[in-house]
Amino acid sequence: GLPSAALATNPAPTPAPTPPPPTTSACLGSPIGFAAQGGGTTGGAGGTVVTVRTGAQLATAIANHEAAWKSNNRQRTVIRIDGTINASNSPVNRFDIKDTANLSLIGVGNRGLLDGRGIMVRGASNIIIRNLTIRYVRDGSGDGIELDGTRPIRNVWIDHNTFYNRLNVDKDFYDGLVDGKGDVSLVTLSYNQFRDSSKTSLWGHSDSSNNDRRVTFAFNHFDNVNSRTPLLRFGQTHIYNNYFNRILDSGVNTRMGNRVRLDNNVFENSRNPIMSCYSSQPGNWDARGNQFNNVTWQSGDGCRLAGPNVGSTVSYTPPYGYSLMPVNQVKAHVTQNAGAGRCAL
């Protein structure tokens, strides 16, 4: 069973039923983690299905869904992306999903590519983004996916995507691969590949952004990235069964009172995989069952490192049931299954 200890200020709710072990299939039928809470995340399932091949068609499909949803909030839409979306076939510099709900963006096979064009979500709920490759985004907000909670965002599932940039450029040339700011909660990122990135994933853009962001990272593959795997301010985060390789500068950076539970992750060939650095207040970690191979710990100014003898600074139990894969199976499972083109979606 799972330990029931929780902070006194956050009593544990009635535990949710434990989902089946992830070894049954990496191609999940529904989300795990925080995106399964609060009514769950189903996106456009069961609704209108539209297939698009250009950025112009994608922009039109999103606009059509938003208009239909405004007149009937039971509207559900699945947009299937079968082709390369880029600057030459897009009328916009990013694709905005705003003030709507019940929408899925799903790549077809291994052909759903957003090249230099990202996605911004604001004021939306019940959104699914799966099976896409998103790369080299500089236009728009500069993120592969930006969850902009200046208007609240709830229930987002980001699954089986591949995100990458380049490292042979200035660290500010690109922004994040997936970032969340403001009032964003009940988000799960599962089976994604994040690689060749300087600023990988930021949750909370400033030390005053004190929303209770609740985010799960499960079965993701981080490879050859500089930092922010992820960077966390405030809120509650659960990071389990991920494979981290070649973290060049810093990994999980928990700040401003964030509580992060790290279960059965593998960190290899990496520098400072878990730490709290560069904010006016530290964050906290509850680390259990993680594996560290060829990891270096190197302190800087105002840094609190989790290693080399990794313990915990807080006890935090996520408010849902979950099944852990044994840590000695994680590297092979994640390497084989994370990223776009791995599931028939």
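Residues numbered from 1 in each chain as written. Predicted model: local features only at pLDDT ≥ 70, side-chain atom pairs only at ≥ 80, totals over all residues. Heavy atoms only, no water.

I'd love a proper account of the state of the cysteines, names of residues and values included.
Disulfides are covalent bonds that connect the sulfur atoms of two cysteines. Under the criterion given, the structure shown has 2 disulfides. Between Cys27 and Cys343 runs a disulfide, and the two sulfur atoms are separated by 2.1 Å. Linking Cys27 and Cys343, the disulfide has an S-S dihedral of approximately -90° and is accordingly described as left-handed. Placement of the pair is Cys27 in the segment before strand 1 (48-52) and Cys343 in the segment after helix 2 (327-337), with a sequence separation of 316 residues. A residue is classified by how much of its surface remains accessible, and Cys343, at 8% relative accessible area, is buried. One disulfide bridge connects Cys277 with Cys303, the sulfur atoms lying 2.2 Å from each other. Judged by the sign of its S-S torsion, about 130°, the bond between Cys277 and Cys303 is right-handed. With a gap of 26 residues between them, Cys277 in strand 21 (residues 274-277) and Cys303 in strand 24 (residues 303-305) connect regions that are remote in the sequence. (Disulfide = S-S within 2.5 Å. Helix = DSSP H or I, 4+ residues; strand = E, 2+ residues; numbered from the N terminus. Buried < 20%, exposed > 50% of the residue type's maximum accessible area, 1.4 Å probe, protein only.)

Before we move on, could you go through the pairing of strand 2 (residues 77-85) and cite the residues and values that matter?
Among the 9 residues in strand 2, 7 count as buried, and that is most of the element. Here strand 1 runs beside strand 2; their pairing, made up of 5 bridges, is parallel. Residue pairing across strands places Val50 opposite Ile79, the latter belonging to strand 2. Taken together, strand 1, helix 1 (residues 55-71) and strand 2 form a β-α-β motif whose crossover is right-handed. When strand 2 meets strand 4 (residues 101-115), the two strands line up parallel, connected through 8 bridges. Within strand 4, the residue paired with Val78 across the bridge is Ser104. (Pairing = 2+ DSSP bridges. Right-handed = clockwise from strand over helix to strand, strands pointing away.)

If you had to explain helix 2 to someone new, which residues and values would you point to?
Within helix 2, the full set of buried residues consists of Val330, His333, Val334 and Asn337. Here the buried residues of helix 2 occupy an arc of 95° about the axis, which is enough to place them on one side. Away from the buried face of helix 2 by more than 90 degrees, exposed residues Asn328 and Gln336 are located. Each element contacted by the buried residues of helix 2 is listed here: strand 14 (221-227), strand 17 (243-247) and strand 20 (266-271). A positive backbone phi angle near 105° is found at Gly339, which sits one or two residues after helix 2. (Arc of directions from axis to C-beta. Contact = heavy atoms within 4.5 Å.)

Account for the side chain of Asp286, naming residues and giving values.
Assignment of secondary structure puts Asp286 in strand 22 (residues 284-288). Asp286 gets classed as buried once you look at its relative accessible area, which sits at 2%. A polar contact is formed between the side chain of Asp286 and the side chain of Arg288, at a distance of 2.8 Å. A distance of 3.4 Å separates polar atoms of two side chains, one belonging to Asp286 and the other to Ser312. In this structure, Asp286 is in contact with Val260, Arg261, Leu262, Ser312, Val314, Ser315 and Tyr316, ignoring residues within four places of it in sequence. (Polar contact = N/O pair within 3.5 Å; in protein donor to acceptor, adjacent residues only side chain to side chain.)

Just give me the short version of helix 1, but keep the residues and values in it.
Spanning 17 residues, helix 1 covers 25 Å between terminal C-alpha atoms, matching the ideal 24 Å at 1.5 Å per step. Burial in helix 1 covers these residues: Gly55, Leu58, Ala61, Ile62, His65 and Glu66. Buried residues of helix 1, seen end-on, are gathered within an arc of 130° and therefore sit on one face of the element. Those residues of helix 1 that are buried lie in contact with strand 1, strand 2, strand 3 (94-98) and strand 4. (Expected span 1.5 Å × (residues − 1).)

If you had to explain the packing of aromatic side chains to someone new, which residues and values would you point to?
As enumerated under the stated definition, the model contains 16 aromatic pairs in all. Note on Tyr136 and Tyr164: the rings are 5.5 Å apart at their centroids and 85° apart in plane angle, and the pair reads as edge-to-face. Here the residue Tyr136 occupies a position in the loop between strand 7 (133-135) and strand 8 (145-159), and Tyr164 occupies one in strand 9 (residues 162-164), the gap between them amounting to 28 residues. For the ring pair Phe217 and Phe222, a centre distance of 6.4 Å and an interplane angle of 40° mean the geometry is tilted. Taken together, the aromatic side chains of Phe163, Phe194, Trp203, Phe217, Phe222, Phe244, Phe267, Phe292 and Trp297 make up a single cluster linked through ring pairs. In this structure, Arg138 packs its charged tip against the face of Phe173, placed 3.5 Å from the ring centre. (Phe/Tyr/Trp six-rings, centres within 6.5 Å; stacked < 30°, edge-to-face > 60°. Lys NZ or Arg CZ within 6 Å of the ring centre and 35° of its normal.)

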